[in-house]
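Observations on the three-dimensional arrangement
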Amino acid sequence: MTVLITHARIASEKSPDLVSGSLMKRLLLLAAILATSLHAETEKEFCERVAKAWNSKNAAGILALYGDPAKLDPDFKNQITTGMIDFKLKSGYLKVDATLLPPDPTSNKSFVTKGKIMYSPSEPIGIVKVSFVRDEKSKFSGGDMSMSFNKVSDGTFALVSPAVKTFEWTGGDMTSFNVQLKSDKEGAFIPQAIIVVEKYGHLDWLTTGKSVSFPAHKVISLIISPTPDTESLTVEITKGMERKPVFKKTVNTSQGAIIAIESVTP
């Protein structure tokens, strides 16, 4: 302490303004550090903020959970707003409960849109599970929805929004497909299958149970796990609004199977 005081006295004798300026900078830095630590959000507080936003039923407030809406990718912003937020708000839920879950590596997915590859720039640190409590008078069935979150620079948390890499695309738009897996044996367990699809010239991997709908340019192949409850499964694929399947085949899946649908675009 004596040494510090001596150095300060010597510096003060040489340049009082220099000492006061340096001290002020240190005080401001200390204040900034203290302010950040005092206002740092806990994961529990973020979970409560997610529930509060959904219970407010305000679309802008829910979108803000992903960060500054003005900085979000337009395609992602539109997908989240119209594909999830607006749909849930119109479904007539009574309230939302939110709980924290540990991170799930399988939730860190990338996806492709026209001219863009969207991906998570970092590993999520946790998941918020949002449970919708249904209105018994409505047709809405309630249900859960899980969303990954990360810590951001100001000490708070935000739901994961993707980083974006662009690429050129001169081809057509995607078409909707529906894939169904059926068994002749009633009540047979049908494991989750992997669907390899082509989107905008890139391959993407999707998962499905008995049925799933998705946009794509092509369905390349299906990878089905062994089916211990049944000898075979029938794979049926429809395209767009067509009722007649574009692909239908019964395959022995007792040991698992890889089913080729279309070739990859050269």
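Here, the structure is the one placed above.
Thresholds applied
Residues numbered from 1 in each chain as written. Predicted model: local features only at pLDDT ≥ 70, side-chain atom pairs only at ≥ 80, totals over all residues. Heavy atoms only, no water. Helix = DSSP H or I, 4+ residues; strand = E, 2+ residues; numbered from the N terminus. Buried < 20%, exposed > 50% of the residue type's maximum accessible area, 1.4 Å probe, protein only. Polar contact = N/O pair within 3.5 Å; in protein donor to acceptor, adjacent residues only side chain to side chain. Contact = heavy atoms within 4.5 Å. Pairing = 2+ DSSP bridges. Axes fitted to C-alpha atoms, helices over the stretch in contact; angles between N-to-C directions. Phe/Tyr/Trp six-rings, centres within 6.5 Å; stacked < 30°, edge-to-face > 60°. Salt bridge = Lys/Arg side-chain N within 4 Å of Asp/Glu carboxyl O.

Moving on: the side chain of S131. Following the sequence through the fold, S131 ends up in strand 4 (residues 126-133). Take S131: its relative accessible area is 19%, and that puts it in the buried class. Among the polar contacts made by the side chain of S131, one reaches the side chain of D144 at a distance of 2.8 Å. Not counting residues within four places of it along the chain, the set of residues in contact with S131 comprises K95, V96, D97, G143 and D144.

Strands sit in the order 10-9-12-15 across an open sheet of four strands; the sheet is antiparallel. The open sheet is flanked by strand 10 (202-208) and strand 15 (257-260), the only strands paired with a single partner. When strand polarity is set aside, the average angle formed by the axes of neighbouring strands in this sheet is 20 degrees. Bridge analysis of strand 9 (residues 193-199) against strand 10 gives seven bridges, and the strand direction is antiparallel. Bridge pairing in strand 10 links I195 to L206.

The two faces of strand 3 (residues 116-119) differ: K116 and M118 on one face are buried, but I117 and Y119 on the other face are not. Sheet topology places strand 2 (residues 111-113) next to strand 3; three bridges connect them, and they run antiparallel. Its bridge partner lying in strand 3, T113 is registered against K116. Note: strand 3 against strand 7 (residues 163-166), four bridges, orientation antiparallel. Across the sheet, Y119 pairs through a bridge with A163, a residue of strand 7.

Let us now look at the packing of aromatic side chains. Each pair of aromatic rings is reported with the distance of its centres and the angle of its planes. Counted by the stated rule, this structure contains nine aromatic pairs. Ring centres of F46 and F149 lie 5.3 Å apart, and the angle between their planes is 50 degrees; on these two criteria the pair is classed as tilted. Of this pair, F46 sits in helix 3 (residues 43-56) while F149 sits in strand 5 (residues 143-151); the two residues are 103 residues apart in sequence, bridging distant segments of the chain. Between F149 and F157, the aromatic rings sit 5.7 Å apart at their centres with planes inclined by 85 degrees, giving edge-to-face as the arrangement. For F149, a relative accessible area of 0% translates into the label buried. Residue classification places F157 among the buried positions, given a relative accessible area of 5%.

Turning our eyes to something else, we now look at the pattern of salt bridges. Here the structure, examined in full by the defined rule, presents seven salt bridges. A salt bridge links E41 to R49, with the nearest nitrogen and oxygen atoms 2.9 Å apart. Look at R49 and you get partly exposed, because its relative accessible area is 30%. A salt bridge links K116 to D73; the nearest nitrogen and oxygen atoms lie 2.9 Å apart. Of this pair, K116 sits in strand 3 while D73 sits in the loop between helix 4 (59-63) and helix 5 (74-90); the two residues are 43 residues apart in sequence, bridging distant segments of the chain. Exposure remark for K116: the relative accessible area of 16% places this residue in the buried category. On the accessibility criterion, D73 (13% relative accessible area) is buried. A network of salt bridges, in which partner residues are shared, links D73, D75 and K116.

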